[in-house]
Amino acid sequence: MKRYIFSVKSIVMGLLSVALASCNLNIPPLDQFSDPDAINKVSNARSLLSSAYMAYPHPEYEFSLLGNDFVPTSLSIKDVSSLNLYNWSDREISKLAPSLWQGYYNVIAQCDALLERMDNVKTSSTEEQNEKQTITAEAKTLKALCYFQLLKVFAPAYDLNPDAPGVILKTHLGIEDKQRSSIRDCVSTIRGLLSDAVQMDGTSRNNGWLSKTAVLYLQADVALYSGDYETAITSGNAVIAKANDAYFTSEGISNLWAKDSYAGRIFAFNTNSTYYSNIQFSMQEGDYFCVNPKLNVGTSDLRYTSFTYPFVMNGTVRTLLGKYNRCNKLNQTTAYINTMRYAGAYYIVAEAYCRKGETEAARVLINHYWHCIGVSEAPAGITNQALLELILTDKQREFVGEGVNFFDLKRTHLASLPRYSQWGTGASSSISSTDYRWNFPIPVSEYRFNSVEQNAGWPSN
């Protein structure tokens, strides 16, 4: 990625690879991307946006290993790379970082290519005009999501120093020799993109398109990340208002992992390839990693059936990850990678209430969700700190295996992260909350050719 170039040519090659791997998508021919006037109608614009969605990286398993979701099994030693990543090997993190940096910026470049061409898109009806506005809003939201992910991976926690280097902000498609903007400025840019996008009308029925509800969810998540708890509550409650308790039944929760579009998802990336298969060693012997025993899901919890997969390993029933892993073991198709769902809004808002000292508001809200899914409710009179701990622990249980916990641990930096021995029977080591590896290394091409500042602790030569 020499001199931070995102040319139309590089985008074309990336889109061609997507087209070859995803023939079911309506992706335009190669020459439509080399011609700046080719995107001139909403169908072409939607196709270019589809390719941007398909290019989005999915390191959920890797971040679940780095977080506290899993512990090693007797088979972990058979996948040395994953075991090393679990143990926070500098080498493995350094191998993962460039693919994420380039992957997210590739999506941003495709969004910029689309946004710069939207003025050329002609419409002949109100329906097409509305679709044009929706595509623009989705592209801005997807770009904001990529910046947010980059920020969470490569920059320190916001509260430690919002003026510390964040990531590089692109302003247009093409060559830009720029330094890393501050975390504060990155958050401001993300908020600006979302403020534009939230003006969209209507909500897509397709789980694979970013809707207005998704924009509100992302606004709440960004606000929680940056300590703007009032906005987190306002935007999060706007999402919760659109929820239905039917989504929190056993059937409703199970539908999250089914192949059909489902109203209980706010947003999920489409996939037509095998997802989350790397955790499995074999159908007969089991997985490289199992769920952290500290995240036990009781049988009365409606999440139990779809979230867990009991399996005998070494003569003992172990709790393997359910969700996508369960679908793979049952030969069920995974068509969606859940990214935003209504349960998440409850945890965002409840935590924000706690951070503001509004303990009872947090308790009432989260108890509603816990009552629906069969989890013991927080008692009246519970202290703020005790409730916050319950919320964060059950949020980890809710999103186990989805790569969420790593970022919550980094954001809150409350304690060291244990690295467990086989089956989680003991801790073999721990990662300090101040360890430099929480901030991934800036790829060598960036700091070598653009003089971009490297993160502390990582080599810059």
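The rules behind these values
- Residues numbered from 1 in each chain as written.
- Predicted model: local features only at pLDDT ≥ 70, side-chain atom pairs only at ≥ 80, totals over all residues.
- Heavy atoms only, no water.
- Helix = DSSP H or I, 4+ residues; strand = E, 2+ residues; numbered from the N terminus.
- Rg over C-alpha atoms; globule rule 2.2 N^0.38 Å.
- Buried < 20%, exposed > 50% of the residue type's maximum accessible area, 1.4 Å probe, protein only.
- Contact = heavy atoms within 4.5 Å.
- Areas by Shrake-Rupley, 256 points an atom, 1.4 Å probe, with all protein chains shown as cover.
- Lys, Arg positive; Asp, Glu negative; His and termini not counted.
- Charge placed at Lys NZ, Arg CZ, Asp CG, Glu CD.
- Phe/Tyr/Trp six-rings, centres within 6.5 Å; stacked < 30°, edge-to-face > 60°.
- Lys NZ or Arg CZ within 6 Å of the ring centre and 35° of its normal.
- Pairing = 2+ DSSP bridges.
- Core = buried A, V, L, I, M, F, W, Y, C linked by side-chain atoms within 4.5 Å.
- pLDDT = per-residue confidence, 0-100.
- Axes fitted to C-alpha atoms, helices over the stretch in contact; angles between N-to-C directions.
- Parallel < 35°, antiparallel > 145°, perpendicular 65-115°, else oblique.
- Left-handed = near helix turned anticlockwise from the far one by under 90°.
- Nonpolar A, V, L, I, M, F, W, Y, C, P; charged D, E, K, R; others polar.
- UniProt positions renumbered as here; feature names shortened; annotations may be inferred.
- Salt bridge = Lys/Arg side-chain N within 4 Å of Asp/Glu carboxyl O.

Topic: the overall build of the protein chain
- Within the protein chain, the regular secondary structure consists of 18 helices and 10 strands.
- The C-alpha atoms of the protein chain give a radius of gyration of 22 Å, which matches the 23 Å a tight globule of 461 residues would have.
- Counting only C-alpha atoms, the protein chain reaches 60 × 50 × 45 Å along its principal axes.
- The buried share of the protein chain, reckoned over its 461 residues, is 56%.
- A sequence separation of at least 24 residues applies to 70% of the contacts in the protein chain between residues at least 6 apart.
- Taken as a whole, the protein chain presents about 18700 Å² of accessible surface, with 49% of it coming from carbon and sulfur.
- For the protein chain, the distance from the average position of its 41 positive side-chain charges to the average position of its 44 negative side-chain charges is 3 Å.

A closer look at the side chain of Ser181
- Its place among the elements puts Ser181 in the loop between α7 (126-154) and α8 (183-197).
- Among the residues examined, Ser181 registers a relative accessible area of 19% and is labelled buried.
- Dropping the residues within four chain positions of it, Ser181 is found in contact with Ala164, Pro165, Gly166, Val167, Leu169 and Cys186.

Focus: the packing of aromatic side chains
- Taken as a whole, this structure holds 37 aromatic pairs when the rule is applied.
- Between Tyr309 and Phe311, the aromatic rings sit 6.3 Å apart at their centres with planes inclined by 25 degrees, giving stacked as the arrangement.
- An aromatic cluster of three or more residues is present, and its members are Phe63, Trp88, Trp101, Tyr105, Phe154, Phe406, Phe407, Trp438 and Phe440.
- Of note, Arg419 hangs over the ring of Tyr86, and the distance from its end group to the ring centre comes to 4.0 Å.
- It is Arg437 that lies over the ring of Tyr436; its NZ or CZ is 5.7 Å from the centre.

Things to note about the pairing of strand β7 (residues 316-321)
- Pairing of strand β6 (residues 308-313) with β7 involves six bridges; the strand directions are antiparallel. Among the inter-strand pairings, Phe311 is bridged to a residue of β7, identified as Arg318.
- Linking β6 to β7, which pair antiparallel, is a turn of two residues; within it Asn314 sits at a positive phi near 55 degrees.

Remarks on the nonpolar core
- In terms of nonpolar packing, the biggest core is built from 141 residues, with Leu142 and Phe440 touching the most fellow members.
- Phe440 has contacts with Phe63, Leu66, Ile93, Leu96, Ala97, Leu100, Val153, Phe154, Phe406, Asn455 and Trp458, leaving out every residue within four places of it along the chain.

So, the confidence of the model for the protein chain
- Summing up the model confidence of the protein chain, the mean pLDDT is 91 and the portion of residues at 70 or higher is 91%.
- Per-residue pLDDT stays below 50 along residues 1-33; that stretch engages in 63 contacts with residues further than four places along the chain or on separate chains.

Some details on the packing of helix α6 (residues 90-117) against α7
- Between α6 and α7, the least distance of the axes is 9 Å, while the angle of their chain directions is 160 degrees. The orientation of α6 relative to α7 falls into the category roughly antiparallel. Seen from above, α6 lies across α7 with left-handed handedness. Taking contact as the criterion, the partners of Ala97, Leu100, Trp101, Tyr104, Tyr105, Val107, Ile108, Cys111, Asp112, Leu114 and Leu115 in α6 are, on α7, Ile135, Thr136, Ala139, Lys140, Leu142, Lys143, Cys146, Tyr147, Gln149, Leu150, Val153 and Phe154.
- Across the contact of α6 with α7, the residue classes break down as 18 nonpolar, two polar and three charged.

A word on the UniProt feature "domain: SusD-like N-terminal" (unreviewed entry) in the protein chain
- Under the feature "domain: SusD-like N-terminal" (unreviewed entry), the UniProt entry names residues 59-199.
- Between the first and last C-alpha atoms of residues 59-199 the distance is 30 Å; the span itself is 61% helix and 2% strand.

So, the pattern of salt bridges
- Applying the stated criterion across every chain, the model contains 24 salt bridges.
- Asp112 serves as the salt-bridge partner of Lys143, at 2.7 Å between the closest nitrogen and oxygen. Of the two residues, Lys143 sits in helix α7 while Asp112 sits in helix α6, which places them 31 residues apart along the sequence.
- Judged by relative accessible area, which is 4%, Asp112 ranks as buried.
- Ionic pairing is found between Lys323 and Glu402, a salt bridge with its closest N-O pair at 2.6 Å. With Lys323 in helix α13 (residues 323-329) and Glu402 in the loop between α16 (384-398) and α17 (405-412), the pair connects residues that are 79 residues apart, well separated along the chain.
- Using a relative accessible area of 10% as the deciding quantity, one classes Glu402 as buried.
- Among the ionic contacts, a cluster of salt bridges with common partners joins Asp301, Arg303, Lys323, Arg341, Asp394, Arg397, Glu398 and Glu402.

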